[in-house]
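Reading the structure
Chain by chain, the residues:
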Amino acid sequence: MDIKTFAFAAATPPLSVIAAAKLAGISPSVDTSLPPDSSPTFLFSNGLKLHGASVLLRYVGRVANIPNFYGQDAFEATQIDEWLEYVPIFLSGPTFENGCKYMDQFLEKRTLFVGHSLSIADVAIWSSLAGTGKRWESLRKSKKYPNLARWFNSITEEYGSAINEVTTKYTGKKSADPSVAMPAVADQVKTVNGDLSAKGGSKSSADIDLPDAEVGKVCLRFAPEPSGYLHIGHSKAALLNKYFAERYQGKVILRFDDTNPAKESNEFVDNVLKDVDTLGVNYERVTYTSDYFPELLKTAEKLIRQGKAYVDDTPREQMQKERMDGIESKNRDNTVEDNLKLWKEMIAGSERGLQCCVRGKLDMQDPNKSLRDPVYYRCNPMPHHRIGSKYKVYPTYDFACPYVDAIEGITHALRSSEYHDRNAQYYRIQEDLGVRKVIIYEFSRLNMVYTVLSKRKLLWFVQNGRVDGWDDPRFPTVQGIVRRGLKIEALIQFIVEQGASKNLNLMEWDKLWTINKKIIDPVCPRHTAVIADRRVLLTLTDGPEKPFVRIIPKHKKYAAAGDKATTFTKKIWLDHVDAASISAGEEVTLMDWGNAIVKEIQKDQDGNVTGLIGVLHLEGSVKTTKLKLTWLPFIDELVNLTLVDFDYLITKKKLEEGEDFMDVINPCTKKETLAYGDSNMRNLQRGDILQLERKGYFRCDAPFIRASKPIVLFAIPDGRQQTK
């Protein structure tokens, strides 16, 4: 049965399969017309097909006339399978350097990854490294990972003729300069699903251009209001600024839009700075809109003198109605002198001044209502968190932002598309002020299911005790989701995958948590816990009379996770739900020990299992048992645990416009379960991520202090758990 056709997408050639086939002398006809999202495929002469790069690579490994290409025995073949499974995770996105470090240590006393001859594991790893382009090349030249670089260079030198032919044909570059091969994995991750081309196709973020941008001259700003902590929506804006600044070798200014003293505080400033650092956004300097208050005051007065602004004492609700209806204010045609007189009253914060505001004189008949004489300045007697009570008047965001953007030399202002109707207002204000025009670049606002992102609404949850603070794990704030157990690398990948699409979208949390799982699962240590409530004791009549200890790895496929001590005893604890599922005479597998046969089941008068009696059957096969059970030894050294699970704060997937979030508040969003854990968990530190076998992933929020105080573990969603 011969391979008739090898089909794949031209944009993403499976270089490892192509190289392995070339080395094996397999040369089917090639079809590169598959769509970009299609899996590479082997079509055989009898009409059968195989799909997926790793599947095809394994097939080539099995049929190739190359000694030990898929290992010399079952053990080596399984080792190769491990590398094929984890290399795509280790060598993509934010885990790249961790993967390089691990493989460098692995190769310290080895020439090749498996056995003593070239295998498809070597081909897959070489291709993945070469495919990252300059990212690996810079590390290779820096000699940061000397063992990995030695191995990479030896593969390139020994098999260069085949590799060069493959890379030349499918990437246009020779791997004699291994800085390029397949399209970089990082670039493949940056896929944008949006209307980014004339045909509505998708393209990578690397292909999204800032209009009129010049390399080395781009200046961006991230301008949050210090009225709360940054949430996942803000992180999209921050990370897009970071991306474009890096792409165009430009800079980012972190500016606090502190124009509303009623909502702002130094606490929020400090925590926004913390959140920005967490996101890894490098900024040139920190500025504040309040730094420009003196200039903004002069600018507002200049507009009044020029007849481009006026002071209005129309009550707020009436003003809003008049703007909607296109009705001019009775004060619109007041004289400059009258306007300046009232302006001074506003600056003084007098009783008369508090009744007034400054409005731009634009166009009350414009179909775009943002141009219907917007408010530029308002009175506010509250002290400002930075400058105290110096001012009684404050500019609105709509007035201050276009001015400060121009003054600070911003070339491109990234704004979410919800502000689209106000773009005309932004440009009109810059025109009236006579300042340089700044280019607006829009992206879609990030909305999440079952989530409110309004700072006002989030503040309500804090002030009413529905959460424990802005860093509560139920909150969509950066600190909240990190405390829940999200790795910041997952958030970055989640945001970058969306790119700068202008399409409005409602995103599922499951997608984010699925990315997170792919990052934490390959490296987080494994531990064991048993739920305290109605736990059941299994007595093994032929079990060890004296407890003994074995040292086993915390992660069977990741040695860097370390080891743990497991105690084996005659009596062991099981979860009640597991004990209740066992039948008398059934053979079960005790994980990390072996098989046992349950001979007797003890129950109370209500039929609840209270005890089990069994015997070990360590020679039994784990393949024949239905139940694989976690267990804990019957010893005093077990630790107390509190397992905490969370639910969404609201019960509706998406709030409709005008719908009150208080009508859909979830009354029960936190569940605590008492449990016991293995003694190794005494060494957990706050922030450590672990997996409790068969229970899921957790983040340690409160580590071991004393026996009477439980370790607190927060459950981390894995993208599959559906709470709705």
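The rules behind these values
Residues numbered from 1 in each chain as written. Predicted model: local features only at pLDDT ≥ 70, side-chain atom pairs only at ≥ 80, totals over all residues. Heavy atoms only, no water. Helix = DSSP H or I, 4+ residues; strand = E, 2+ residues; numbered from the N terminus. Buried < 20%, exposed > 50% of the residue type's maximum accessible area, 1.4 Å probe, protein only. Contact = heavy atoms within 4.5 Å. Areas by Shrake-Rupley, 256 points an atom, 1.4 Å probe, with all protein chains shown as cover. Lys, Arg positive; Asp, Glu negative; His and termini not counted. Charge placed at Lys NZ, Arg CZ, Asp CG, Glu CD. Pairing = 2+ DSSP bridges. Axes fitted to C-alpha atoms, helices over the stretch in contact; angles between N-to-C directions. Core = buried A, V, L, I, M, F, W, Y, C linked by side-chain atoms within 4.5 Å. Phe/Tyr/Trp six-rings, centres within 6.5 Å; stacked < 30°, edge-to-face > 60°. Lys NZ or Arg CZ within 6 Å of the ring centre and 35° of its normal. Parallel < 35°, antiparallel > 145°, perpendicular 65-115°, else oblique. Nonpolar A, V, L, I, M, F, W, Y, C, P; charged D, E, K, R; others polar. Domains from an automatic or database assignment. Salt bridge = Lys/Arg side-chain N within 4 Å of Asp/Glu carboxyl O. pLDDT = per-residue confidence, 0-100. Expected span 1.5 Å × (residues − 1). Arc of directions from axis to C-beta.

**Some details on the overall build of the protein chain**
For the protein chain, the helix and strand inventory stands at 21 helices and 33 strands. Considered along the principal axes of its C-alpha atoms, the protein chain spans approximately 100 × 75 × 45 Å. Out of the 724 residues in the protein chain, the part that is buried amounts to 53%. A sequence separation of at least 24 residues applies to 70% of the contacts in the protein chain between residues at least 6 apart. When the accessible surface of the protein chain is split by element, carbon and sulfur atoms take 49% of a total near 33,400 Å². Here the protein chain contributes 99 positively and 94 negatively charged side chains, and the mean placements of these two sets differ by 1 Å.

**Overview of the pairing of strand β29 (residues 639–646)**
The buried fraction of β29 is high, at six of eight residues. With eight bridges joining them, β29 and strand β30 (residues 670–677) adopt antiparallel strand pairing. Considered in β30, the bridge of Leu641 is made with Ala675. Pairing between β29 and strand β33 (residues 711–716): four bridges, direction parallel. Opposite Leu643, over in β33, you have Leu713 as the bridge partner.

**So, the sheet that holds strand β3 (residues 41–44)**
Sheet architecture is open: four strands sit in the order β2-β1-β3-β4, paired in mixed fashion. In this open sheet, the two strands that pair with only one neighbour each are β2 (29–31) and β4 (49–51). Pairwise comparison of adjacent strand axes, ignoring direction, gives a mean angle of 20° for this sheet.

**What about the nonpolar core?**
Ranked by internal contacts, the top residues of the largest apolar core, which has 52 residues, are Phe42, Trp83, Phe113, Leu129, Trp136, Leu148 and Trp151. If one sorts the elements of this core by residue count, helix α5 (residues 120–131) sits on top with eight residues. Dropping the residues within four chain positions of it, Trp151 is found in contact with Leu107, Thr111, Leu112, Phe113, Asp122, Ile125, Trp126 and Leu129. Counting 51 residues, the second-largest nonpolar core is a separate cluster that includes Leu220, Leu414, Ile481 and Ile495.

**Some remarks on the packing of aromatic side chains**
Within the structure shown, the criterion is met by 39 aromatic pairs. Centre to centre, the rings of Trp83 and Tyr102 are 6.1 Å apart; their planes meet at 40°, and the pair counts as tilted. Of this pair, Trp83 sits in helix α3 (residues 74–90) while Tyr102 sits in helix α4 (residues 96–106); the two residues are 19 residues apart in sequence, bridging distant segments of the chain. Both rings, one in Phe268 and one in Trp470, keep their centres 5.6 Å apart while their planes meet at 80°; by these two values the pair is edge-to-face. With a gap of 202 residues between them, Phe268 in helix α11 (residues 266–279) and Trp470 in the loop between α17 (455–463) and α18 (478–484) connect regions that are remote in the sequence. Overall, the relative accessible area of 8% leaves Phe268 in the buried class. Judged by relative accessible area, Trp470 falls into the buried class, the value being 6%. Through successive ring pairs, a cluster of aromatic residues spans Trp83, Tyr102, Phe106, Phe113, Trp126, Trp136, Trp151, Phe152 and Tyr558. Over the aromatic face of Phe106 sits the side chain of Arg110, whose NZ or CZ is 3.9 Å from the ring centroid. Cation over ring: Arg550 sits above Phe568, and NZ or CZ is 4.7 Å from the ring centre.

**Details of the environment of Ala309**
Among the secondary structure elements, Ala309 is positioned in strand β10 (residues 309–312). Each C-alpha atom of the pair Ala309 and Gly677 lies 68 Å from the other, and the pair is 368 residues apart in sequence.

**Focus on the packing of α4 against helix α7 (residues 146–158)**
At a minimum axis separation of 7 Å, α4 and α7 run at an interaxial angle of 80°. In terms of orientation, α4 lies roughly perpendicular with respect to α7. Residues Cys100, Met103 and Asp104 of α4 touch α7, and the partners they reach there are Pro146, Asn147 and Leu148. When grouped by side-chain class, the residues that make up the contact of α4 with α7 number four nonpolar, one polar and one charged.

**Points about unusual backbone geometry**
With a phi angle near 45°, Asp373 is a residue other than glycine that sits in the positive phi range. One can find Asp373 in the loop between β11 (357–360) and β12 (375–379). Residue classification places Asp373 among the buried positions, given a relative accessible area of 0%.

**Re the domain arrangement of the protein chain**
Under the domain assignment, the protein chain is made up of domain 1 (3–168), domain 2 (290–397), domain 3 (449–521 + 638–723) and domain 4 (526–633). Placing a centre on the C-alpha atoms of domain 1 and another on those of domain 2 gives a separation of 66 Å.

**A look at the sheet that holds strand β7 (residues 219–222)**
Pairing in this open sheet of three strands is parallel, and the strands run β7-β8-β9 from one edge to the other. For this open sheet the edge positions go to β7 and β9 (285–288), each flanked by a neighbour on one side alone. Each adjacent strand pair in this sheet contributes to an overall mean axis angle of 35°, direction not counted. With four bridges joining them, strand β8 (residues 251–256) and β9 adopt parallel strand pairing. Paired with Ile253 across the strands is Arg285, a residue of β9. Here helix α10 (residues 232–247) sits on the sheet and contacts β7 and β8; the angle it forms with β7, its principal contact strand, is near 165°.

**So, the pattern of salt bridges**
Per the counting criterion, the structure on display carries 36 salt bridges. One salt bridge in this structure joins Arg352 and Asp313, with 3.0 Å as the shortest N-O distance. Highlighted residues: Arg352 in the loop between α14 (336–348) and β11 and Asp313 in the loop between β10 and α13 (316–325), separated in sequence by 39 residues. With a shortest N-O distance of 2.9 Å, Glu508 and Lys653 are connected by a salt bridge. Taken together, the residues Glu508 in the loop between β17 (505–507) and α20 (509–520) and Lys653 in the loop between β29 and β30 connect sequence positions 145 residues apart.

**Details of the side chain of His576**
Within the element layout of this structure, His576 appears in helix α21 (residues 576–579). Classification of His576 as buried rests on a relative accessible area of 12%.

**Things to note about the confidence of the model for the protein chain**
Chain-level statistics for the protein chain give a pLDDT mean of 89 and a share of 91% at 70 or above. Within the model, the stretch residues 172–207 combines pLDDT values under 50 with 95 contacts to residues more than four positions away or in other chains.

**Brief notes about helix α12 (residues 293–305)**
Every α-helix carries 3.6 residues per turn, so stepping three or four residues along brings you back to the same face. In a regular helix each residue adds 1.5 Å, so 13 residues correspond to 18 Å; α12 covers 18 Å between its end C-alpha atoms and thus fits that length. All of the buried residues in α12 are Phe293, Leu296, Leu297, Thr299, Ala300, Leu303 and Ile304. Down the axis of α12, the smallest arc covering the buried residues is 165°, so these residues share one side. Away from the buried face of α12 by more than 90 degrees, exposed residues Lys298 and Arg305 are located. Following α12 by one or two positions, Gly307 has its phi on the positive side, about 75°.

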